[in-house]
Amino acid sequence: MIFRKEVYFTRDMGEYNRAKAALVDHGIEYTSKSNPMTNPGRSHGMPFIDASAAYEYHLFVARKDEEKAKQALRSAGVK
C-alpha cells in the first residue's frame, strides 16, 4: 500500500469493527486487509488455535489522514 499508512492492527474482530466505525463516523476513508496467521489449507482450522485470534486485521488510511485517523481512534477509545 504505497500511499497508505497503517493506523490500526488487531486480532480481535470486535475491536476491528469498532475501529472501522470510528473512522466512518469521522468521514475518513480507509482500506482494510485481513489474513490468517496460519494457512490451514483444506482443513477447517488448526488444533490449539483460538479461532477468534486466528486472523490479523489491518486498517490503512491515506497519508494525509493519518493524524486525523489516530485522533478518531483515540477519541473512540479503541485499543
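Residues numbered from 1 in each chain as written. Predicted model: local features only at pLDDT ≥ 70, side-chain atom pairs only at ≥ 80, totals over all residues. Heavy atoms only, no water.

Within an unreviewed UniProt entry, the label attached to the protein reads DUF2007 domain-containing protein, and the organism entered is Candidatus Mediterraneibacter faecipullorum.

Engineer: Residues and numbers for the nonpolar core, please.
Structural biologist: Ranked by internal contacts, the top residues of the largest apolar core, which has 14 residues, are Val 7, Tyr 8, Leu 23, Leu 59 and Leu 73. Mapped onto this core, the elements with two or more residues apiece are strand 1 (4-10), helix 1 (13-25), strand 3 (55-62) and helix 2 (66-75). Considering every element that reaches this core, the biggest residue donor is helix 1, with four residues. In this structure Leu 23 touches Ile 28, Tyr 30, Leu 59, Val 61, Ala 69 and Leu 73, once residues within four positions along its chain are discounted. (Core = buried A, V, L, I, M, F, W, Y, C linked by side-chain atoms within 4.5 Å. Buried < 20%, exposed > 50% of the residue type's maximum accessible area, 1.4 Å probe, protein only. Helix = DSSP H or I, 4+ residues; strand = E, 2+ residues; numbered from the N terminus. Contact = heavy atoms within 4.5 Å.)

Engineer: Can you break down the sheet that holds strand 2 (residues 30-36) residue by residue, with the values?
Structural biologist: Judged by pairing direction, the sheet is antiparallel, and its three strands sit side by side in the order 1-3-2 without closing on themselves. In this open sheet, the two strands that pair with only one neighbour each are strand 1 and strand 2. Between one strand axis and the next, the sheet turns by 25° as a mean value, whatever way the strands run. Where strand 1 and strand 3 come together, six bridges link them in antiparallel fashion. (Pairing = 2+ DSSP bridges. Axes fitted to C-alpha atoms, helices over the stretch in contact; angles between N-to-C directions.)

Engineer: Talk me through the confidence of the model for the protein; I want residue IDs and the actual numbers.
Structural biologist: On average, the protein scores 85 in pLDDT, and the residues at 70 or more come to 77%. Helix 2 holds the highest mean pLDDT among the elements of the protein, 96, whereas strand 2 holds the lowest, 89. (pLDDT = per-residue confidence, 0-100.)

Engineer: Give a detailed account of helix 1, specifying residues and quantitative values.
Structural biologist: Since the α-helix advances by 3.6 residues per turn, residues separated by three or four positions end up pointing in the same direction. Here helix 1 contains 13 residues, and its C-alpha end-to-end distance of 18 Å stays within 8% of the 18 Å for a straight helix at 1.5 Å per residue. Among the residues of helix 1, those classed as buried are Glu 15, Tyr 16, Ala 19, Ala 22 and Leu 23. In a view along the axis of helix 1, the buried residues occupy a sector of 125°, so they form one face of it. Exposed residues on helix 1 whose side chains face more than 90 degrees from its buried face are Val 24 and Asp 25. The opening residue of helix 1, the one whose side-chain oxygen lies 2.8 Å from the backbone nitrogen of Gly 14, is Asp 12. Looking one or two residues beyond helix 1, the residue adopting positive phi is Gly 27, at roughly 70°. (Expected span 1.5 Å × (residues − 1). Arc of directions from axis to C-beta. Polar contact = N/O pair within 3.5 Å; in protein donor to acceptor, adjacent residues only side chain to side chain.)

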